[in-house]
Structures are given as C-alpha cells and as structure tokens.
Amino acid sequence: MLSVALRTLRTRWATFTGSFVALSLGVALLTVTGLALASSADAPQRAPERFAAAPVVVKSQDTLRVPTPAGDRVSWLAHPRPVPAATVAALRRLGRVVADRSFAVRIPTAPSDLVGHPWSTAAFAPYGLTAGRAPRTAGEVAVTGDWARPGQRLPTDRGPVRVVGTLTSRGFENAVFFTDARAARLSPSVGQLAVEADPAAVREAVGGSAQVLTGTARRLADADPGRDGEALTAMNSLFGTAGGVTAFVSVFVVASTFAFAVAQRRREFALLRTAGATPGQIRRTVLVEALAVGTLASAAGCALGSHGAPRLAAWVVANDLAPAWFTIGDHTWPYHAAFWTGLLVALCGATAASWRAGRTGPTEALREAAAQSGIITRGRLLCGTALLLTAAVTLGLSLTGDPAGLLHRKTYIGRPMLLITAAALLSPLVLRPLTRLLTWLPGPCALLVRENTATGTRRTAALAAPVLVTVALAGSLLGATATLDRARTAETSERTTAAFVVTPPAGTGFDAAALRRLRAVPGTELSPTSSTAVHVLEDGVALIRSEARAAAPGPLAATTRLPLAAGAVGDLDDDSIIVNEEWQRHRVGDRVRVWLGDGTPRTLRIAAVMPTGTGDNGVYVTPRNAPGATVDRIEVALASGADPETVATALHRALGTGNGQVLTRAEWIRATHPETARTTRLGLLLVLGIALLYTGISVANTMVMATSDRTRDLAVLRLAGATRWQVLRLTGAEALTVVTAGALLGLLVAAVNLAGMAGALALLSAPVTIGLPWQALGTTTALCALLAVTFALIPAALALRRRPAEPAGMRE
C-alpha cells in the first residue's frame, strides 16, 4: 500500500496542502518556544551593578525564616529592619564604612524613575564624572545621563537643586547623587552598607544581624535583584501557553482535514475494496499518507523554527519581555521534541479517519448521491459526550471545592479547552437545525443554501468547527480577563466611600509635615493608610504572605465600606486583625500567630472577616502593627455641609506642587481600574493569533477541497439556467451561513465558560459583571467570514470557467 499512498499524495497534493502547512507552522512554533524555554532554563545570574567595585556589602535581613517540621519556610519582608546601630559601630572599627541610601526623586523634566543616592556610593558602581564636579553643599547634585547639564537649576519634590556634575550612565538606573549629609536627612534609614574590610572579619562582626554579600552575591544589594527571574518566568508562561495552544489546534486542524479528505474519497476507497483491498490495508494507506505528510512537515517546521527563534529572542528583548542578555542557546532537544510531536500529531489526527476509511464497503463505489447519511459518527459522539461530561464535572468540583481557583490565569486559559473541544466534536448535531434557522427566509437562494448545508453535513462541520474554536477562544480568554477586571473595579467602587483620595508620587510616601498640612484642611476627616504585609503559617508547613493595609479603625470606617462577612471594623485595635475567608482560621474571636511586615511575631485576635472576593480583599491592621510602613494613601471624607470644591482647592494647596495628586472618588476608581498585565495580554493575543492563523489554513483548505468536489453541482446549476454571478453568490452565501453558525456556537461556548467564572465570583461574594469582548468577537468573526468567502469564491470562479456540459457529462 506504500506505492498507492505515495501516488495518492502526488495526485491529490492539494488535499494535503492544508495539513502540511498547519503541521509545519505548528512544529515551527513548538521549535521556537522550545528553544526559548531551553535558553531561559539555565539563564546566567546578573552581575553586581551598583556595588561592582565594593569589597563587601552588608545588607539588612530582608527575609522571614520560619522553622517547620518540613524544613524552614522563607518569605520576603515588606519592611526589612535597618542594619542595627551596634552592627554599624562594630563594622566601623574594621575599616571604611559607606552607608547606602536609595529614595525616589521627582523632577518634571527628568526621567520618571529617578532614584537618589549619597555621593560616596558613586565610586562603587563605579560612576565617573563626564563634566563638572562632585556635590559639596545641600543644594547641589550630580546626575547620570545627558538630560541635564552643569549649572542648571531644577525643581524637585525634595526642594530646588543645582546640577554641578554629570556622570556616564551605566544603564541600570537614572541616579541623582546628593551630598552624604543631605541624603541622610532625606532618608535616615540605612538598609545596606559598603565595607572596605576583610570579609571573614565582617562576617564575625555581623553575626546573624544582617547579610554579608561578596562576589556575585553583591547583586542582591541592587534594586530588584529578582527582576530577571520574574521576567523569565512570565516569558516561559507566555511561550508555554502558546506551545500548548499550538499543539491543541494542530491536532484539531489535522484531524478535521483528514476526516474531510476521507469523506471525499469514499468511492475511491470503495473501488480499492472492490479490487480486493482489506480494511486493514485501507487504514494503513491513510496512516502512511499521514506519516509522509507529518515527516515532511515536521522537518520543514524545524528548519523554519531555527530561523525564527533568534528573531523572537530579539523581539522579546526589544519589548522588555526578557532581560537584555537573553539569546537563543545551542540546544538540540527542542528540535527532537518538536519533530516527534509533529509526527505524533499527524498520526493522531489521521487515526480516526483511517478507521472510518477501513469501514468503507465495496458497494459504496456504486453510489451516485453525494448526500451523507449520518449526522455524526459514533466515535465522535462518544468522545464529544465524554469531554462535555468531564468539563461539567470539573467545573462543578471547582465551584464546590475551590471557586477561587477558577479566577487564576492558568485555570481560565486551560479549562475552556475541554468545553471548546467537546462543542467542536458535537457541533454536527446542532449545525443542521441552526443553518436552517439562519436561512428561513423564502426564495430560491435561501432554499438552495439551506439544502446544500443540510446535505453536506461533513463539509459544513469541517468549515464551522475552526470558526467555533477561534470565536470561543476569543470570547473565553478575553472575556475572562474583562470579567475579572470589571469585578475588581466594582469591588473598589463599593468599598470606597471617601469623597477624595490623596496619593503621593510613585515610590514615595507622605511625611509628618504633609500629614499635618492636610489634617488642617477644614471640613474633612482623613484616613491615612499604609501598604504592608502579614505572614501566617497554615497547616504547620505553608508560610503564606498576605498583602495588608494599616489604618486607624475610626477613620477607616468613615472612608471605607469593607465587605464584612462577620465582625465589625470598629472592633479593630492594636491587638487584633481583620482577615478574609481564604485564611485557614477566620472565625471572629480566634487568635492567630502572625509575622508583621518587618518580621516581628505577634498573636492577634480576629476582629472581623471579609469574603474572599476577587483576591483584593486583603488584611487590615492598625499602624502600630505595620512598623516601617509609610503612609502612601489618604482617603478624605467630607464633614456635614462641607463644599467639595472648596475642600478640593484646600487639599491641593496643602499638598503643594509636585508632591502628589488629589483625586475625586470617580477619578480614583478610574485610576485604579485594573488592567491585564502586559505579558498576559501579549500571551492572549499570541494565542488568538495562532488560533486565527490555523482557522485561516483550515478554512482555506476545506473550501478548496469542497469546491473541487462540487464541480458537477455547480455545472448542473449553470445548465439549469443560473448565471455565473448567481452561482458565486450562492457559494458565498453558503460560506457566510456556515461561518455565522460556527460563530454563534462559539459565542455560546464562551458564554458558558464565562458563566462558570460568574458562578465562582458569586460564591466568593464578589460583584458579578460578565464582560464579553464584542469588538474582538466581531473582528474575529469578520476575518473568518472574509477568509471563508474568499477561498470559496476563488476555486468556484475557476471551476465556472469550464463549459457547463463538460462536468455534467463526465463520469467519475
């Protein structure tokens, strides 16, 4: 049967073109994602930057370590304590000690990420002067880069300064260097020091009061030392999701293509059976065809992926999705994985079709009618039903067991695949009545469209299924993020009752003087709050970090309406805490052992409990239980009879220029409206782009195959008196009808998926506001329709160039 399969490939090459293109692109994407994942798995550690020339760096303890029966559990502290004064004194006896300080600086004409340092730390980067001199007085600074020049006077949120020197930028920060004395007044706390002494002596002097960093470990003293790992984790998640969707859609497209090809070749297989071929030989013929196509497509995909991977690496670096050093390494396993996956996809996609081909009887060769007797095969019905039941059971178990899990990104990306696959498999059951409903209008064109789509059920299903998958993916993924964002915005709106919200510049906080000026504004009640964190040990082995806010209970109750499930805000005091239902222990009156933001252990009473919500219902403590936290938000309630405009003007005057902003309640809700993370958004667009690409391939292949198989039907229409324009209009109307049916089924699947998320939100006592991405759905459907109509009309127009009598008189 090998020779038969190879000759079939040669004579029916157009039939297998869609499978070849789909597989080669899928293997190329798998190769690219595999190479990217392999190159990021053994990523090098970033070298020290700010302290590259410092012999030793002493850094305060910034982690909480809690011993458990399963080993120590470690978590990052929100507010590490400063290096103890006794430790600093001991270090000064060993050698020169330079205290490092870092604080945000805002200048209207400068980069937005300016950070201030004492001048004495510039030598450890090392920075070199390119012009001017070092700062000597409190009003002088030296800056990195070329955005300012010596002699220029600049207004800052730290007071007016004069630039006396410029330094070469080292690429990792935009720095402003003050004198050491001025920096100490602006940021009194010392979190790390550069020490010029023997490392062994430093370790002995420090003991366990701080960290001693030498060699490459000095990078931990840089700002955000874990940014490379976070970027690579996000990038790996993006590529992993893209690879999974690629494999999923590849199997679907290839299986659909082979199934339709087998249905078209029914009489061909029947003739082989008549000539003596056994069912096993027919099946092996189809599998050999798939093996040949899969081998060629996988090889082509690997070659294409090897050229695309470096370009992808350059793109992710240029868009700040990966560190600047990221490149594609020399790895071989991604090629093997992609090649054999492509081959397996081809064989899996052809297996079901081969069994159907083997069941073809010799009498099929005598059939002239093109109508298909069965709506759906038994195997497809069983697989679709099993997947549908699996999707329903998993959703039910999630809703009853862990509804919060349905709001996680991995869940709302992965879970819809089950329902989408089930709907695609079972779609033939509803396509016939749905297309009849869409073509209910009277007239010959509607009648022909209705009967043609009802007669060619396999053709209709092969065209509608990829449209269904693409629309359902767009609605489920983009709708999930929109629904979550709307729910979080609604939570913020319900929680905020303050008339105004005052916020400082990014990365800063309000000092005591600013608080005094704002408190002096008449007709207001202020609720200053601080961001912090609280750690709790659950099940004796899991150290959980919860984001928290510190606020006084009275003002908090006046400016915020917390969604409480039990207890009262007024019961919060220095010996208590407000938690949410995600905590293992969340009964009012229970006492829980926690670790505060600086690592201080406390045992606090639960004063109130909030529902879980979308995850933003954090923990509340009093300012006494948030050591080291600075006020980063002030909510303002109006006294009875106070004029909002007068109060707003007074708040602006008290705050001063460049020291933050005063927002109304509506402006605050708009400003804090959550947006999907950039990496997640790009990942979703990549997934939808892959799905749309495969839809285009599948639609084009199906329409070309179907039109070539309907040459005699088109000729009969011409002989019956139809003009070429009428035949083309009928062909386009059929394509549009099937695309509309597939889009409606996809919309229904997306609605069911989003209904599951809405159920989870309701169980978590979060606002339920389903958001369907109508613009994305409309664009996706329009593109599918454009592809379907284009690839239906082109081969039909070519077929109509023949004389009507030629095909009608032919005998197959």
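Residues numbered from 1 in each chain as written. Predicted model: local features only at pLDDT ≥ 70, side-chain atom pairs only at ≥ 80, totals over all residues. Heavy atoms only, no water.

S.K.: I'm lost on the side chain of Asn-753 in this one. Help?
M.R.: Looking at the secondary structure, you find Asn-753 in helix 22 (residues 724–763). Residue classification places Asn-753 among the buried residues on the basis of a relative accessible area of 4%. Setting aside residues up to four positions removed in sequence, Asn-753 forms contacts with Arg-415, Pro-416, Leu-419, Ile-420 and Ser-476. (Helix = DSSP H or I, 4+ residues; strand = E, 2+ residues; numbered from the N terminus. Buried < 20%, exposed > 50% of the residue type's maximum accessible area, 1.4 Å probe, protein only. Contact = heavy atoms within 4.5 Å.)

S.K.: Explain helix 13 (residues 428–438) here, please?
M.R.: Think of an α-helix as turning once every 3.6 residues; residues three or four places apart then point the same way. Within the span of helix 13, buried status applies to Pro-428, Leu-431, Leu-434 and Thr-435. Across the axial projection of helix 13, the buried residues extend over an arc of 110°, all falling on one side. Its buried side turned inward, helix 13 meets helix 10 (378–401), helix 12 (416–426), helix 14 (444–455), helix 15 (457–495) and helix 22. (Arc of directions from axis to C-beta.)

S.K.: Explain the packing of helix 10 against helix 12 to me, please; I cannot follow it from the model alone.
M.R.: Two quantities define a packed helix pair, namely the angle between the axes and the distance from one axis to the other. Close contact between helix 10 and helix 12 brings their axes to 8 Å; oriented N to C, the two are set at 150°. As the angle between them shows, helix 10 and helix 12 are arranged roughly antiparallel. Of the two possible hands of crossing, helix 10 and helix 12 adopt the one that is left-handed. Contact residues: Arg-380, Leu-381, Cys-383, Gly-384, Thr-385, Leu-387, Leu-388, Thr-390, Ala-391 and Thr-394 in helix 10; Leu-418, Leu-419, Thr-421, Ala-422, Ala-424, Leu-425 and Leu-426 in helix 12. Grouping the constituent residues of the contact of helix 10 with helix 12 by class yields eleven nonpolar, five polar and one charged. (Axes fitted to C-alpha atoms, helices over the stretch in contact; angles between N-to-C directions. Parallel < 35°, antiparallel > 145°, perpendicular 65-115°, else oblique. Left-handed = near helix turned anticlockwise from the far one by under 90°. Nonpolar A, V, L, I, M, F, W, Y, C, P; charged D, E, K, R; others polar.)

S.K.: Looking at this structure, how should I read the side chain of Ser-24?
M.R.: When you line up the elements, Ser-24 lands in helix 2 (residues 13–41). Apart from residues lying up to four places away in sequence, Ser-24 is in contact with Ala-297, Ala-300 and Gly-301.

S.K.: Any chance you could explain the sheet that holds strand 1 (residues 56–60) here in plain terms?
M.R.: Backbone hydrogen bonds hold the strands of a sheet together, and the pairing may be parallel or antiparallel. With antiparallel pairing, four strands are arranged side by side in an open sheet as 4-12-1-13. At either end of the open sheet lies a strand with only one pairing partner, and these are strand 4 (96–100) and strand 13 (210–213). The average undirected angle you get between the axes of adjacent strands in this sheet is 25°. Looking at chain direction, strand 1 and strand 13 are connected through four bridges and run antiparallel. Note on strand 13: the bridge partner recorded for Val-58 is Val-212. (Pairing = 2+ DSSP bridges.)

S.K.: What should I look at first to understand the pattern of salt bridges in this one?
M.R.: Between side chains of opposite charge, pairing is possible as soon as their charged atoms come close. Applying the stated criterion across every chain, the model contains 15 salt bridges. One salt bridge connects Lys-59 with Asp-62, and the closest N-O pair in it is separated by 4.0 Å. This pair shows no difference in class: Lys-59 is buried, exactly as Asp-62 is. For Glu-140, the salt bridge identified is with Arg-133, shortest N-O distance 2.8 Å. For Glu-140, a relative accessible area of 7% translates into the label buried. A residue is classified by how much of its surface remains accessible, and Arg-133, at 25% relative accessible area, is partly exposed. Sharing partners across several salt bridges, the network here consists of Arg-50, Asp-100 and Glu-173. (Salt bridge = Lys/Arg side-chain N within 4 Å of Asp/Glu carboxyl O.)

S.K.: Sorry if this is basic, but what is going on with unusual backbone geometry here?
M.R.: A cis amide bond links Ala-125 with the next residue in sequence, Pro-126, at an omega value of -10°. Within the chain, Asp-539 stands out as a residue other than glycine whose phi angle is a positive 60°. The residue Asp-539 is located in the loop between strand 15 (524–538) and strand 16 (542–550) in this model. Note on Asp-539: relative accessible area 59%, which makes it exposed. A positive phi angle, near 60°, is found at Ser-765, a position not held by glycine. By secondary structure assignment, the location of Ser-765 is in the loop between helix 22 and helix 23 (774–799). For Ser-765, a relative accessible area of 48% puts it in the partly exposed group.

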